[in-house]
Amino acid sequence: MMRKYVTLSSSSSPASVGCSNSIAMVCVSRWKTSSAAANEKFKKRMEERLRIESEVKSKCAQFPHRILTRPAAALDVKAIRHQTFMHHVVALTKMAAQVNAISFCGQKGHWDARVVIMKSNPDMKEFEVWVNPEVAGYDDRNSVAPMYGMWENCASCGAASAWVVRPQSIQVQGYDEYGNEKKEVLNGIRARLMMHELDHLQGKTIIQQALGPDFVVSQSALAQKDLWAANFPSAEAHMTAPMQFFDYVTNQTIVPPGFEWYFLHMMQQQFSDLRIK
Ligand SMILES: [Zn+2]
């Protein structure tokens, strides 16, 4: 999972507080020139970024690529400490960054290894690395643990988004990138990202983990959620926007901590799209 929602909107208004009219006109004219140049530069940078994103995405293993339909290979400590391991991790983090993913697994980069990288906040520069992560009781689908529902997307599942229900908190154990054992309780978005990637390590994707066929939609369809039939595909899935959790304990939607800016930006974009109609 999961890609940041990047938008191209960058227009803003010139500030002219405290200027006389003539000075203001010069200011506005200069602002227009510099703003047009800045916009052009920004547009070029974004176009280049999107070009790289789409090129690299086409190189990510796509479900049902065989590497994504079977369990990934576990690594022993010797393999983690071998010099080729870090080489693979660096290549994987580069690929994840280029496709704007905040979590990624070895298989997506054609590396048959139980390796997960993730960020708890889209603005973080570094990814945390987990090797052979394990969550006790993860396969227990009858668990009564508090759950979140979320529309997830995936760099290996094309344009699909799926409504997936997962525990709010999990205890994970595995190794770091240096081969040291680590054990940690993950909450919120970190738990969500880990479980998404853990599914890949077990040969599954959001499509298998969705509640049913009605809970798999395209990202374009998700942007038109206001036009779906009432309570389709379920009341909670219907009321939950992308980048939000539905909390099954409080029956409310929440934005995961660290994602507030992206959520607001995305909602503003959606409103401006609605205005275009
Ligand atoms: Zn994925």
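Remember, it's a predicted structure, so these values are computed and weren't measured experimentally.

The rules we used
- Residues numbered from 1 in each chain as written.
- Predicted model: local features only at pLDDT ≥ 70, side-chain atom pairs only at ≥ 80, totals over all residues.
- Pairing = 2+ DSSP bridges.
- Helix = DSSP H or I, 4+ residues; strand = E, 2+ residues; numbered from the N terminus.
- Axes fitted to C-alpha atoms, helices over the stretch in contact; angles between N-to-C directions.
- Buried ≥ 20, exposed ≤ 12 C-beta atoms within 10 Å, placed from the backbone.
- Expected span 1.5 Å × (residues − 1).
- Arc of directions from axis to C-beta.
- Core = buried A, V, L, I, M, F, W, Y, C linked by C-beta atoms within 7 Å.
- Contact = placed C-beta atoms within 7 Å.

Q: Teacher, can you tell me more about the sheet that holds strand S7 (residues 181-187) here?
A: Neighbouring strands of a sheet are bound in pairs by backbone hydrogen bonds; such pairs are parallel or else antiparallel. Strand order in the open sheet made by the five strands is S1-S2-S3-S6-S7, with antiparallel pairing throughout. Edge strands, defined here as strands with exactly one partner in the open sheet, are strand S1 (103-105) and S7. The mean inter-strand angle of the sheet, taken between neighbouring strand axes irrespective of direction, is 40 degrees. Two elements, strand S2 (residues 115-118) and strand S3 (residues 128-135), share four bridges in a ladder whose sense is antiparallel.

Q: I tried to follow the environment of Gly137 on my own but got confused; where do I start?
A: Mapped onto the elements of the fold, Gly137 is located in the loop between S3 and strand S4 (147-153). For Gly137, a count of 10 C-beta atoms within 10 Å puts it in the exposed group. Sequence spacing of Gly137 and Gln171 is 34 residues, and the spatial spacing of their C-alpha atoms is 9.6 Å.

Q: Explain helix H3 (residues 83-98) here, please?
A: Three- or four-residue spacings in an α-helix give side chains the same orientation, since the helix completes a turn every 3.6 residues. Taking 1.5 Å per residue, 16 residues should reach 22 Å; H3 reaches 24 Å between its end C-alpha atoms and fits that length. Phe85, Val89, Leu92, Met95 and Ala96 are the residues of H3 that are buried. The buried residues of H3 occupy an angular sector of 130 degrees when the element is viewed end-on, so they sit on one face. For H3, the exposed residues set more than 90 degrees away from the buried face come down to Gln83, Thr84, His87, Val90 and Lys94. Of the residues flanking the end of H3, it is Asn100, one or two places downstream, whose phi is positive at about 60 degrees.

Q: Where do I start with unusual backbone geometry in this structure?
A: Note on backbone geometry: most residues besides glycine have negative phi, and most peptide bonds are trans. Put simply, Phe63 and Pro64 share a cis peptide bond, and its omega is 10 degrees. Tracing the chain through its elements places Pro64 in the loop between helix H1 (21-57) and helix H2 (77-81). For Asn100, which is not glycine, the phi torsion reads 60 degrees and is therefore positive. Mapped onto the elements of the fold, Asn100 is located in the loop between H3 and S1. We note that Asn251 has phi near 55 degrees; this positive angle belongs to a residue other than glycine. Structurally, Asn251 is set in the loop between strand S9 (245-247) and strand S10 (252-254).

Q: Before we go on, may I ask you to explain the pairing of S4 in this structure?
A: Sheet faces and side chains relate simply in a regular strand, where the side chains alternate between the two faces. Judged by how many residues are buried, S4 sits mostly within the fold: six of seven residues are covered. Bridge analysis of S4 against strand S5 (residues 160-167) gives seven bridges, and the strand direction is antiparallel. Opposite Tyr148, over in S5, you have Arg166 as the bridge partner. The antiparallel pairing of S4 with S5 creates a hairpin that spans six residues between the two strands, and Gly158 there sits at a positive phi of about 55 degrees. Looking at chain direction, S4 and S9 are connected through two bridges and run antiparallel. Paired with Tyr148 across the two strands is Asp247, which belongs to S9.

Q: Hey, could you run me through the nonpolar core in this one?
A: Generally speaking, soluble globular proteins have nonpolar side chains that are buried together. Ala96, Ile117, Ala162 and Met194 are the most contacted members of the largest nonpolar core, which totals 58 residues. Take this core: its biggest share by element is seven residues, from helix H4 (residues 188-201). Once residues lying within four places of it in the same chain are set aside, the contact partners of Ile117 are Leu92, Thr93, Ala96, Ser103, Phe104, Phe127, Glu128 and Val129.

Q: How should I be thinking about the environment of Met95 in this particular structure?
A: Looking at where Met95 falls in the secondary structure, it is placed in helix H3. Given 21 C-beta atoms within 10 Å, Met95 falls into the buried group. Met95 sits 39 residues away from Val56 along the chain, and the two C-alpha atoms are 6.9 Å apart. Beyond its immediate chain neighbours, meaning those up to four positions away, Met95 contacts Val56, Cys60, Phe104 and Gly109.

Q: Teacher, can you tell me more about the sheet that holds S5 here?
A: On the basis of which strands lie adjacent, the open sheet formed by five strands has the order S8-S5-S4-S9-S10 and antiparallel pairing. Two strands close off the open sheet at either side, each with one partner strand: strand S8 (216-218) and S10. Across the sheet, the mean angle separating the axes of adjacent strands is 30 degrees when strand polarity is ignored. Looking at chain direction, S9 and S10 are connected through three bridges and run antiparallel. Paired with Phe245 across the strands is Ile254, a residue of S10.

Q: How do you make sense of the pairing of S2 when you look at a structure like this?
A: Of the two faces of S2, the one lined by Val115 and Ile117 and the one lined by Val116 and Met118 are each fully buried. Summarising the sheet, S1 and S2 pair through three bridges and their orientation is antiparallel. Within S2, the residue paired with Ser103 across the bridge is Met118.

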